[in-house]
Amino acid sequence: MTPRAATRPVGTVTRGTTNPNRLRRMDRWIAATHGAELRRAADPVAVDLGYGAAPWTAVELLHRLRTVAPRAGVVGVEIEPARVAAAKPYERDGLVFRHGGFEIPVPGRFHLVRAANVLRQYDEGEVAAVWERLCSRLAPAAGSSRGGLLVEGTCDEIGRRHVWVALGPEGPRTVTFATRLGSLERPSDLAERLPKALIHRNVPGEPVHAFLRDFDRAWAAAAPYASYGARQRWIRAVRDLGADWPVTDGPVRWRQGEVTVPWGALAPRV
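Residues numbered from 1 in each chain as written. Predicted model: local features only at pLDDT ≥ 70, side-chain atom pairs only at ≥ 80, totals over all residues. Heavy atoms only, no water.

> Teacher, can you tell me more about the overall build of the protein chain here?
Across its full length, the protein chain carries nine helices and eight strands. The C-alpha atoms of the protein chain give 19 Å as radius of gyration, which agrees with the globular expectation for 270 residues (18 Å, within 12%). Looking at the 270 residues of the protein chain, the share that counts as buried comes to 54%. Long-range contacts, defined here as pairs at least 24 residues apart, represent 66% of the contacts in the protein chain between residues at least 6 apart. As displayed, the protein chain has an accessible area near 12,300 Å², and 52% of this comes from carbon and sulfur atoms. On the protein chain, the mean spot of the 39 positive side-chain charges and the mean spot of the 28 negative ones are 4 Å from each other. (Helix = DSSP H or I, 4+ residues; strand = E, 2+ residues; numbered from the N terminus. Rg over C-alpha atoms; globule rule 2.2 N^0.38 Å. Buried < 20%, exposed > 50% of the residue type's maximum accessible area, 1.4 Å probe, protein only. Contact = heavy atoms within 4.5 Å. Areas by Shrake-Rupley, 256 points an atom, 1.4 Å probe, with all protein chains shown as cover. Lys, Arg positive; Asp, Glu negative; His and termini not counted. Charge placed at Lys NZ, Arg CZ, Asp CG, Glu CD.)

Right, dumping it as structure tokens:
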């Protein structure tokens, strides 16, 4: 019998840029907002899709998830075979590395898929199909569970500024903006880190442009709070922003330099 040919991974090789702690803001948010879902699962599996030239983000994801869900396991998936080979020595209990792409060459459904800085090089028109494909691999909603979570977004090289979209089996849910407040001049500085689905929509007439414009105005109005520190200024600006935008989180998350709004509030106009 002729051996069956291996399935070619779906996607293209990324630059592979990575640094330790680059995704700490995303991981912190995942642990806080999705930790309960991971704890409910008997054997929760998370996928670090496109972890890059070094395995740091997958190693860190396992550590951070296990602080809230001790049974969690992580599969690092990379489309470049040499990167998988380089990561193999870092395998341990709960952490493995596999060669693959958007098809995720691991059977079953997942409780978390994290795809950071992966879609940056793709065209905007390709995003919806990738989202749909990845969401189809998430654990389904059942009973009190909302199902698995896909977190897709972009950050700078050392993780100071980050914007991501969270999606469930049903599709996009929220957009989160996260930053190191000490490095921020104005909220619209985060525009350069918008995920591919939004970055080209930061133009007049689009919701994300209006959101960042209003955020800058709230930030300017909150300038007197700067004497108490950037965190207090951010909290006040987000509180004021919430008068016109449906902010979904509260001060506990704002203190971390975050703000989350429903996807529908920022979704591109057709």
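> Even after reading the chapter, I still don't get the packing of aromatic side chains, so can you show me in this structure?
The geometry of an aromatic ring pair is captured by two quantities: the separation of the ring centres and the angle between the planes. Under the criterion given, the structure shown has 10 aromatic pairs. Judged by centre distance (5.1 Å) and plane angle (50°), the rings of Phe 215 and Trp 234 are tilted. Placement of the pair is Phe 215 in helix H6 (residues 207-221) and Trp 234 in helix H7 (residues 230-241), with a sequence separation of 19 residues. Each residue in the set Phe 177, Phe 211, Phe 215, Trp 219, Trp 234 and Trp 245 is aromatic and connected to the rest through ring pairs, giving one cluster. (Phe/Tyr/Trp six-rings, centres within 6.5 Å; stacked < 30°, edge-to-face > 60°.)

> What am I meant to see in the pairing of strand S5 (residues 149-155) here?
Regular strands place side chains that alternate from one sheet face to the opposite one. Burial of S5 is extensive: seven of the seven residues sit out of reach of the surface. Side chains of S5 alternate between two faces, with Leu 149, Val 151, Gly 153 and Cys 155 and Leu 150, Glu 152 and Thr 154 buried alike. For the handedness criterion, the β-α-β arrangement of strand S4 (residues 112-116), helix H4 (residues 124-135) and S5 is classed as right-handed. Examined bridge by bridge, S5 and strand S6 (residues 161-168) share six bridges and lie antiparallel to one another. Of the residues in S6, the one forming a bridge with Glu 152 is Val 165. Counted between consecutive antiparallel strands, the loop separating S5 from S6 contains five residues, among which Gly 159 sits at a positive phi close to 75°. (Right-handed = clockwise from strand over helix to strand, strands pointing away. Pairing = 2+ DSSP bridges.)

> What exactly am I supposed to notice about the packing of helix H1 (residues 24-40) against helix H2 (residues 56-66) here?
Between two packed helices, the angle of one axis relative to the other and the distance separating the axes together describe the packing. Packing of H1 against H2 leaves a shortest axis separation of 9 Å and a crossing angle of 40°. As judged from the angle between their axes, H1 and H2 are oblique. Once H1 is placed against H2, the crossing between them reads as right-handed. Each of Arg 24, Asp 27, Ile 30, Ala 31 and Leu 38 in H1 lies in contact with H2, whose residues at this interface are Glu 60, Leu 61, Arg 64 and Leu 65. Its residues assigned to classes, the contact of H1 with H2 shows five nonpolar, no polar and four charged. (Axes fitted to C-alpha atoms, helices over the stretch in contact; angles between N-to-C directions. Parallel < 35°, antiparallel > 145°, perpendicular 65-115°, else oblique. Left-handed = near helix turned anticlockwise from the far one by under 90°. Nonpolar A, V, L, I, M, F, W, Y, C, P; charged D, E, K, R; others polar.)

> I would appreciate a short explanation of unusual backbone geometry in the present structure.
Phi is mostly negative for residues that are not glycine, and the peptide bonds are mostly trans. A positive phi angle, near 65°, is found at Asn 21, a position not held by glycine. Its identity as a non-glycine residue notwithstanding, Asn 117 has a phi of 60°, on the positive side. Looking at the element boundaries, Asn 117 is found in the loop between S4 and H4.

> Help me understand the packing of H6 against H7, please; the structure alone is not making it clear to me.
The interhelical angle for the contact between H6 and H7, taken along N-to-C directions, is 125°, at an axis separation of 8 Å. Considering the angle they form, H6 stands oblique to H7. Of the two possible hands of crossing, H6 and H7 adopt the one that is right-handed. Judged by residue contacts, Phe 211, Asp 214, Phe 215, Ala 218, Trp 219 and Ala 220 of H6 engage Ala 230, Arg 233, Trp 234, Ala 237, Val 238, Asp 240 and Leu 241 from H7. Residue classes in the contact of H6 with H7 are distributed as 10 nonpolar, no polar and three charged.

> When you look at empty space enclosed by the protein in this model, what are you seeing that I'm missing?
Over the atoms a probe the size of a water molecule is rolled, and this reveals where empty space is left. Using the criterion set out here, one finds one cavity of 30 Å³ or more in the structure. If you trace the largest cavity, you find 15 residues lining it, with Thr 12, Gly 50, Ile 79, Gly 101 and Val 118 closest to the centre. (1 Å grid on protein atoms, 1.4 Å probe; cavity = no way out; pocket = protein on both sides within 12 Å on 5 of 7 lines; lining within 4 Å. Points joined across faces, edges and corners; volume = space filled by probe spheres on them.)

> Would you take a moment to explain the environment of Leu 134 for this structure?
Along the chain, Leu 134 turns up in helix H4. Leu 134 sits in the buried class, given a relative accessible area of 1%. C-alpha separation for the pair Leu 134 and Leu 65, spaced 69 residues apart in sequence, amounts to 20 Å. Residues in contact with Leu 134, not counting those within four places in the same chain, are Leu 49, Phe 102, Ile 104 and Leu 150.

> What should I look at first to understand the environment of Val 13 in this one?
Summarising the element assignment, Val 13 is placed in the segment before H1. For the pair formed by Val 13 and Ile 79, sequence separation is 66 residues and the distance between their alpha carbons is 6.1 Å. Among all residues touching Val 13, those that are not within four sequence positions of it are Ile 79, Glu 80, Arg 83 and Gln 121.

> Would you mind showing me how to read H2 here?
The element H2 is extensively covered by neighbouring structure, given that eight of its 11 residues are classed as buried. Along H2, the positions that sit buried rather than exposed are Thr 57, Ala 58, Val 59, Glu 60, Leu 61, Leu 62, Arg 64 and Leu 65. Where H2 is buried, its residues touch H1, strand S1 (45-49), strand S2 (73-78), strand S3 (95-99) and S4.

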